[in-house]
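The lines below spell out each chain.
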2 protein chains.
Amino acid sequence: MENFGTDEYFMRLALSEAKSAGEKGEIPVGAVIVGGGRIIARGHNLTETLQDVTAHAEMQSITSAAQCIGGKYLTDCTLYVTLEPCQMCAGAIYWAQISRVVWGADDPKRGYRAMGGHLHPKTTTTNGILATECEKLITDFFKNKR
Amino acid sequence: MENFGTDEYFMRLALSEAKSAGEKGEIPVGAVIVGGGRIIARGHNLTETLQDVTAHAEMQSITSAAQCIGGKYLTDCTLYVTLEPCQMCAGAIYWAQISRVVWGADDPKRGYRAMGGHLHPKTTTTNGILATECEKLITDFFKNKR
């Protein structure tokens, strides 16, 4: 296990969320939100289970983190997610003004950068953390589906 | 009241949802989803009440419509919303593959077109329906806030 508090450590937890999604037949994407050095929310994709397109890992974590801190702005928080956010999630990240977003695998087709979306101007990003593992989980999922 | 089934008729209902939001101290935006000629969902902005940035009128209506029809794709539905959707809502509309989106007032600053977002290529749009009323509700809300 990676050292506590590193990007790799928190991405490992997001990966474990992604695995939980995969075990339910969901596209395996997981997320974790960290605020004040503590994990304040976790979530994984539940779009099939809930039959709800809005139930992405990031959306659920943002809702959950806001409940945890008792406010909708997540200005001192970092969102870890195994896959580059889509434009919907980028929009939620924008409104919540999350300070930092860290993702694993890029999503060259449906990621917010390809779709033309924007994060908040104050949000910083880091990508490529445990990217190979994050991506493998998804490609294996679709391989097994065929 | 407008004739049943016209865009103006359904936008009038979305406006009534927007007013409900305003009465709660929320930015007055409302939405209605129509499928098979029936209203299958209604919603209004609840971001302050729920302290949740994801609680836009469109997001709640999309979740609610999917529950109503028992499936996450809204391919034969029209979403009526008083304000041009933001990139987050555009993303949800994209994933749900809503066939048609009708909005009242344009949002030149935070609307999905300004933010660079995309709807699904099969989605058609109409704007400007009861636009003056939709916009006045929002400008009056901010005037009263000052």
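All of these numbers come straight from a predicted model, not from anything done at the bench. (Residues numbered from 1 in each chain as written. Chains lettered and ligands numbered in written order. Predicted model: local features only at pLDDT ≥ 70, side-chain atom pairs only at ≥ 80, totals over all residues. Heavy atoms only, no water.)

(A) Inspection of the sheet that holds strand β4 (residues 100–105) of chain A at higher detail. Residues and elements named next belong to chain A. With mixed pairing, five strands are arranged side by side in an open sheet as β2-β1-β3-β4-β5. In this open sheet, the two edge strands, each paired with only one partner strand, are β2 (38–44) and β5 (124–127). This sheet shows a mean twist of 15° between the axes of neighbouring strands, independent of strand direction. Relative to β4, strand β3 (residues 77–83) runs parallel, the two being bridged by five bridges. Residue Thr78 lies in a different strand from β4, and its bridge partner there is Arg100. Sitting on the sheet, helix α2 (residues 57–69) is in contact with β1 (30–35), β2 and β3, with an inclination near 145° to β2. (Pairing = 2+ DSSP bridges. Helix = DSSP H or I, 4+ residues; strand = E, 2+ residues; numbered from the N terminus. Axes fitted to C-alpha atoms, helices over the stretch in contact; angles between N-to-C directions. Contact = heavy atoms within 4.5 Å.)

(B) Here's a closer look at the relation of the copies chain A and chain B. When chain A is fitted to chain B, the best match, at an RMSD of 0.0 Å, comes from turning it 180° and sliding it 0.0 Å along the axis. These values place the two chain copies in the arrangement generated by a two-fold rotation axis. Rotation axis and chain A: the residue whose C-alpha lies nearest the axis is Met88 of chain A, separated from it by 1.9 Å. Take the interface residues of chain A: 100% of them recur as interface residues in chain B, which is what a same-surface contact looks like. (Least-squares fit on C-alpha atoms with pLDDT ≥ 70 in both.)

(C) Main features of the interface of chain A and chain B. With 30 residues of chain A at the interface, the matching set in chain B holds 30 residues. Between chain A and chain B, a total of about 2,500 Å² is buried, with carbon and sulfur atoms accounting for 57% of that surface. When residues of chain A are sorted by the area they lose upon contact with chain B, Val53, Lys72 and Trp95 of chain A head the list and together hold 27% of the total. Our count for the chain A to chain B interface comes out at two salt bridges. Two residues, Glu48 of chain B and Lys72 of chain A, come together in a salt bridge whose shortest N-O distance is 2.7 Å. Remark: the boundary between chain A and chain B carries 16 residue pairs in polar contact (both at pLDDT 80 or more). Secondary-structure elements contributing two or more residues to the side of chain A that touches chain B are α2 and α3 (87–96) of chain A. The dominant element in the side of chain A that touches chain B, judged by the number of residues it contributes, is α3 of chain A, at eight residues. Residues that form the side of chain A that touches chain B fall into these classes: 13 nonpolar, 13 polar and four charged. (Buried area = accessible area lost by both parts, 1.4 Å probe. Salt bridge = Lys/Arg side-chain N within 4 Å of Asp/Glu carboxyl O. Polar contact = N/O pair within 3.5 Å; in protein donor to acceptor, adjacent residues only side chain to side chain. Nonpolar A, V, L, I, M, F, W, Y, C, P; charged D, E, K, R; others polar.)

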